[in-house]
Number of protein chains: 2
Amino acid sequence: MRNRVVIENVRPEVNGGAFFIKRIPGETVAVSADIFGDGHDHIRASLLFRHESQKRWTEVFMQEAVNDEWTARFRVTEKGMYHYKFVGWVDHLLHWYDGFLKKQEAGQDMSVELQIGAQLLQQTAENYPKAKAEDLKALAATLADASKAEEAVQQVLSPGFKQVVESTPMKQFETVYDQSLRVRVGWEKELFSTWYEVFPRSTSQQPGKHGTFKDVEALLPRVEEMGFDVLYLPPIHPIGKVNRKGKNNSTNAQEGEPGSPWAIGSDEGGHKAIHPKLGTLEDYKQLIEKANERGIDIAFDLAFQCAPDHPYIKEHPEWFLWRPDGTIAYAENPPKKYQDIVPINFETEDWKNLWDELKSVILYWCEQGVRIFRVDNPHTKPFRFWEWAIAEVQKDYPDTIFLSEAFTRPKVMAALAKVGFNQSYTYFTWRNTRRELEEYLTELTQTELRDYFRPNFWPNTPDILAYELMNAGPNAFAKRYLLAATLSSNYGMYGPAFEFMENTPNTNGKEEYFNSEKYETRHYDWEHRNRLTELITKVNHIRKAHPALQSTWNIHFTRTDNEQLMSYIKLTEDKKDVIWCVVNFDVHHRQSGFVEVPKALLGIEGNVHLKVTDLLTDDTYHWFNEWNYVEINPAIFPGHVFRVEYS
Amino acid sequence: MRNRVVIENVRPEVNGGAFFIKRIPGETVAVSADIFGDGHDHIRASLLFRHESQKRWTEVFMQEAVNDEWTARFRVTEKGMYHYKFVGWVDHLLHWYDGFLKKQEAGQDMSVELQIGAQLLQQTAENYPKAKAEDLKALAATLADASKAEEAVQQVLSPGFKQVVESTPMKQFETVYDQSLRVRVGWEKELFSTWYEVFPRSTSQQPGKHGTFKDVEALLPRVEEMGFDVLYLPPIHPIGKVNRKGKNNSTNAQEGEPGSPWAIGSDEGGHKAIHPKLGTLEDYKQLIEKANERGIDIAFDLAFQCAPDHPYIKEHPEWFLWRPDGTIAYAENPPKKYQDIVPINFETEDWKNLWDELKSVILYWCEQGVRIFRVDNPHTKPFRFWEWAIAEVQKDYPDTIFLSEAFTRPKVMAALAKVGFNQSYTYFTWRNTRRELEEYLTELTQTELRDYFRPNFWPNTPDILAYELMNAGPNAFAKRYLLAATLSSNYGMYGPAFEFMENTPNTNGKEEYFNSEKYETRHYDWEHRNRLTELITKVNHIRKAHPALQSTWNIHFTRTDNEQLMSYIKLTEDKKDVIWCVVNFDVHHRQSGFVEVPKALLGIEGNVHLKVTDLLTDDTYHWFNEWNYVEINPAIFPGHVFRVEYS
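The rules we used
- Residues numbered from 1 in each chain as written.
- Chains lettered and ligands numbered in written order.
- Predicted model: local features only at pLDDT ≥ 70, side-chain atom pairs only at ≥ 80, totals over all residues.
- Heavy atoms only, no water.
- Helix = DSSP H or I, 4+ residues; strand = E, 2+ residues; numbered from the N terminus.
- Phe/Tyr/Trp six-rings, centres within 6.5 Å; stacked < 30°, edge-to-face > 60°.
- Buried < 20%, exposed > 50% of the residue type's maximum accessible area, 1.4 Å probe, protein only.
- Lys NZ or Arg CZ within 6 Å of the ring centre and 35° of its normal.
- Domains from an automatic or database assignment.
- Least-squares fit on C-alpha atoms with pLDDT ≥ 70 in both.
- Contact = heavy atoms within 4.5 Å.
- Buried area = accessible area lost by both parts, 1.4 Å probe.
- Polar contact = N/O pair within 3.5 Å; in protein donor to acceptor, adjacent residues only side chain to side chain.
- Nonpolar A, V, L, I, M, F, W, Y, C, P; charged D, E, K, R; others polar.

**Remarks on unusual backbone geometry**
Cis rather than trans, the peptide bond between R11(A) and P12(A) has omega equal to -5 degrees. Phi at N15(A) takes a positive value of approximately 50 degrees, unusual for a residue other than glycine. With respect to the helices and strands, N15(A) occurs in the loop between β1 (5-11) and β2 (21-23). In this model, N67(B) sits at a positive phi of 55 degrees, which is unusual for a non-glycine residue.

Take a look at the structure:
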């Protein structure tokens, strides 16, 4: 009860420590807390952190900012869980030292002060291991020697003494703030990944033929050349035959229609089976292996729902809801019914077996080599299930990614990230104006979200042809692409539809594709390359070469004098890699204007001299002014991606 | 593990439930939380609260606002501690009911739906006591009767059925949010009190004579007439004779100088003793009694510090810090020393006995009849001590007030309020402009502070002659007075200095009084009444007559077209008492302008017709417009205090 320091308002701290925050190796954790004591005594505070594999805590002395806020930071280097906590204490040695300096300057008699100092050093020594304790005791003896008072005063005034006071604090009655705060340090790919989504059935080089894993394998060189490192395939399982959906989501498929791959399961198998037309498990494993050789991961679509003929329904009727007339409860959004999909009833009495079975599905695919799971509609399954399942799987497979495909309300999306999803789909898809994007990026990177919600920006998905892209021309596609790929270090596209600029909306007026690939097999000319193919390839290789583009947290919006031009800089902590993007939001007209050099951000104190090289065109400019002219013709490139050099 | 609802971001919640929030009987507690479930099932949530004397929780169904925020409110009526918590659940009955309405409207066959409804009602019945359960079962039977399907459908569509669904929710797998959240409901005076501070030694009617409790008693009719209900006396203990301070804080008092009453203790006694010149304990008890008869409380000054000759120092040397040369450690702010004051060392090994002794001091004065403690410099004693001491005292004496005299950094002031102080001094003393005051009141009433920090506004104290009042004229005093008394339901003044408009600053340039009463005895002409006396008397009686002025939380700033005019309305929850203040910030010139009628706040939908009566002048105006003319001559009154009547 003698501790006198208060520690509160600790950040980061998600739901009082209930959830961990997220980092990858090499990232830093910046912490802050309100810390203060009673009275006027000097206080100090430390951040303590340790990797779960270590017993010893590493101590970082915190710095006092303003208004009783204290800050510190630490770098995480090892994968796994780190723990962190805080201590604060009244530091009588520091308090005495500071008073000593003031009294000495005021010309007061210092003899008793020296004796007090000797006592405090002696007391301080008791808390330190032998070597340090000896040094402190020797210093105490010097101060205590009344015959050498003047010498002792000089000793206290020396820089070395200050160093002792700072490095060997006198801790008594510490206040400990320990709320089980944790940082999960995961796979590097959680923060930097580049996704291309393709329906495997649409990969055949022969029109009219159902694509196979072998066809996907043949696509790998193209995917690699374009600079993607995640190839995401929609569900690869047998597709339900009962109530199968036809072209354009029609209620009943015609003979021969392939159905939606998200209607999982039939007499050919369920969530651990492979659609026979795609090939064998061996083919799939070989695809994974060949992809890995090129640095590409095959992302798996985890969609925990069932077609009416999924084997689970017969094997585990207790996992589903049944109506009084003996029929199964389909998914519905009254008055609409989705008769090709049966949701799992997570409220079942048999929930334990259900959870174990679903976990076994994930582990099964991990065993086949899958490391990335794009999780379909995670917000329609309980948060606690995901919290448990992801933690369980990542015990055995720490280098896995779970991407939350939840396009829903903000707090629900955030909650899924809190319980463990490593990446999340975002509202980028619908954020179109400069102001919307600046606000959204600020929310993602400058609020609490930054610590647990890792955005993955998608301009389109098989479900979403955004209004911005409906009937849009190449300039609009190029702009949306450049924004996704440079604003966020994780981005993805529903590949061929985006690259080949599909822009025909569904006739129902919704943000959907006409003749959606969800309900039919397509044929693409994979030899085809267009302006977008070139841009994607270029930008993906710039992303790989520039660490500044491999994080989302390092973005800084800067000023322009033209509302149509958005300007942002991303840079590494050491400022060695600096990328400056200027994007033209007007897809119809050339726009020009001036952009301001953010001197404070770049650490420039004197005159400006930047060498900026547009990595899209290789043009180089020398900027000597604080405001510099740029001009962007959307018919050529949607913006500048400058590498910035300066000294 | 089958609960599917998340409850987070609960407000009010101070430091995760570590500290209680505060109310007086009759006030409401408005709560909110982010609450959501997975999927599309309907969810519901309840607030549960109970007084500590009750075992049963009272349930309030929460309302959904926007963005997954849910709200509710409850009124506290009994003093003591209330507990509150939250539950949320997926409500299958409500979900089915909502779907039923939609399907029925879409003309679907409802027979199976009726059967499902019957099942759900049957299940719901299991959770309710007999009477309700019977009703639910009867309803279930109606729905289940296939021969009367059309009748059953009509039954479900009836308003009575909606009522059943809403009032008897179907709870399963509830999520409980219980963080020991508490509301302390205290004495009404915690929220509404009017303080007058006077040095008892300055109350004699004869110049040159040391005042006594008897003299203070003689002042009571004046204090009552002026409308004060707390008479606060600085420390009444023997004053240290060693190192006593003289006139204007000079280091050594001359023979006969009385010293500062905050230098407590001498050979005449310590914290349980009374200064012999003030009278006896009996006199003090009689003063309390006589004051109480007039509705006035005598506030006691609790200053836990000692003069060098305080008995504690001999009796408990272990409670103080001693220097190596055998001298005691005085208070200091290096290089300055305050040799008339010795701080208590709360880090003493003997802290338990120290705490008990200090608690016994408070209880001793409670036993003599004291109920209000103005605590001197609480921020120089440990927070944990106050948390314990206040709780201990309020166990035996729940109707007590501890006012925190901490003029220090914002988070320290807030922390003292969190640990239990019932009222707090504020920065009002230095908030002078209209914008400063609007911002400050917004911070006090619209942020988390509202729930635990009760402001007490003081325009001056014996320590502080604010710059605004230095050499100021009556208009400035009147303005500062009116602001304190109408912005905050708790306010006080260092009485005679304010009322008689002392305005001469100390020669050191600081915000201090010249010839401070802290170091000398004064004589006042208590028969004297001036313009300020009249204003204070008038306003205090208006405050007593108008509940709208008896709360600080009900303030609403409204628009004016003249920056010099600040306009604010305070009103009771039932809008029956509405007070509208307009204050002229220009103390030199008449100012006029228009003020807007806040129709939404007042609940006015059609045309405006307000009858406003200035309670200072008794002038009445009829306002028929949204903007209305006001004119204030600071030489007469600093502002309007309108009673607003409308229908």
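**Observations regarding the packing of aromatic side chains**
Each aromatic ring pair is described using two quantities: the centre-to-centre distance and the angle formed by the ring planes. Inspection of every chain in the model, using the stated rule, returns 99 aromatic pairs over all chains. Arranged with centres 4.4 Å apart and planes meeting at 20 degrees, the rings of F49(B) and F74(B) form a pair that is stacked. With F49(B) in strand β4 (residues 43-51) and F74(B) in strand β7 (residues 69-75), the pair connects residues that are 25 residues apart, well separated along the chain. Each member of the pair, F49(B) together with F74(B), is buried. Aromatic rings pair up to connect F304(A), F346(A), W351(A), W355(A), F385(A), W386(A), W388(A) and F421(A) into one cluster. The ring of F428(A) carries the charged tip of R480(A) above its face, separated from the ring centre by 4.2 Å.

**Considering the domain arrangement of chain A**
Split into domains, chain A comes out as domain 1 (1-90 + 178-186), domain 2 (92-170), domain 3 (195-236 + 287-304 + 351-549), domain 4 (237-273 + 306-343) and domain 5 (554-645). Put simply, the middle of domain 2 of chain A and the middle of domain 5 of chain A, counted by C-alpha atoms, are 54 Å apart.

**Topic: the relation of the copies chain A and chain B**
One chain copy maps onto the other through a rotation about an axis and a shift parallel to that axis. For these two chains of identical sequence, chain A goes onto chain B by a turn of 180 degrees and a shift of 0.0 Å along the axis, with RMSD 0.1 Å. Taken together, the rotation and translation relating the two chain copies correspond to the operation of a two-fold axis. Residues of chain A ranked by C-alpha distance from the rotation axis are headed by G16(A), positioned 3.7 Å from it. Of the residues that chain A buries at the interface, 100% are likewise interface residues in chain B, meaning the two copies contact each other through the same surface.

**Here we look at the interface of chain A and chain B**
Facing the 55 residues of chain A at the interface are 55 residues of chain B. Buried area between chain A and chain B, summed over both chains or domains, comes out near 5000 Å², and the portion from carbon and sulfur atoms is 56%. Area buried by chain A at its contact with chain B is led by M1(A), E347(A) and K411(A), which between them contribute 16% of it. Joining chain A to chain B, the criterion identifies 26 residue pairs in polar contact (both at pLDDT 80 or more). Of all the secondary structure elements, the ones that give two or more residues to the side of chain A that touches chain B are β1, β3 (28-37), α1 (92-105), α2 (111-125), α9 (351-367), α10 (383-396) and α11 (410-418) of chain A. Of the residues in the side of chain A that touches chain B, the class split is 19 nonpolar, 15 polar and 21 charged.

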